Amino acid sequence: MPTVLIDADGCPVVDLTIHICCAHSVPVLILCDTAHRIERDGAETMVFDKGADSVDFALVNRVRPGDVVITQDYGLAAMCLSRRARVLNQNGLEYTADNIDGLLEQRHHSKKLLRAGKHLKGPAKRTKEQDEAFGETLERMLRTE
């Protein structure tokens, strides 16, 4: 049985993930740092020191083939894909070997623009449709495990 691991720092779908996983009897592991302590019934929480990528490395060290990882971090997604996990972002996009390189390139380009002093527009306000898309994709992933 897979475990769902949540990169919980800044994750807007923690509660929705737990709700769906409980309905499928799938264990949930929330990983966060001391600045974003997130504890919920129905999930185990692991808290790590605040620091650059401390949660990311802890998650990668715990993920197993077939697990499902919830993250919006492309770098973490790439590392989890290499460990043969399935990876999903908060809007329902499943990261795959087919799309991760383009997403990483896009992130690299955005960082170059920021270093050059260009200010990129932030994400729009979260919508109900994004939650629905996430829920549908997670349900599908759990049914195919």
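Caption draft 1: Main features of unusual backbone geometry. Even without being a glycine, Ser25 presents a positive backbone phi close to 55°. Topologically, Ser25 is positioned in the loop between helix H1 (14-23) and strand E2 (28-33). Although it is not a glycine, Arg84 adopts a positive phi angle of roughly 65°. Turning to its location among the elements, Arg84 is positioned in the loop between helix H3 (74-82) and strand E5 (86-88). The exposure class assigned to Arg84 is exposed, which follows from its relative accessible area of 61%.

Caption draft 2: Representation of the sheet that holds strand E1 (residues 4-7) within the structure. Read from one edge of the open sheet, 6 strands run E3-E2-E1-E4-E5-E6, paired in mixed fashion. If you trace the sheet from one side to the other, it starts and ends with strand E3 (44-48) and strand E6 (94-95), each paired once. Bridging between E1 and E2 involves 4 bridges; their strand directions are parallel. For Ile6, the partnering residue across the bridge sits in E2 and is Ile30. In this fold helix H2 (residues 54-62) packs onto E1, E2, E3 and strand E4 (68-70), with an angle of close to 155° to the strand it touches most, E2.

Caption draft 3: Representation of the environment of Lys128. Residue position: Lys128 is located in helix H5 (residues 128-143). A relative accessible area of 59% means that Lys128 is categorised as exposed. Separated by 81 residues in the primary sequence, Lys128 and Val47 have C-alpha atoms spaced 29 Å apart.

About the criteria used
Residues numbered from 1 in each chain as written. Predicted model: local features only at pLDDT ≥ 70, side-chain atom pairs only at ≥ 80, totals over all residues. Heavy atoms only, no water. Helix = DSSP H or I, 4+ residues; strand = E, 2+ residues; numbered from the N terminus. Buried < 20%, exposed > 50% of the residue type's maximum accessible area, 1.4 Å probe, protein only. Pairing = 2+ DSSP bridges. Contact = heavy atoms within 4.5 Å. Axes fitted to C-alpha atoms, helices over the stretch in contact; angles between N-to-C directions.

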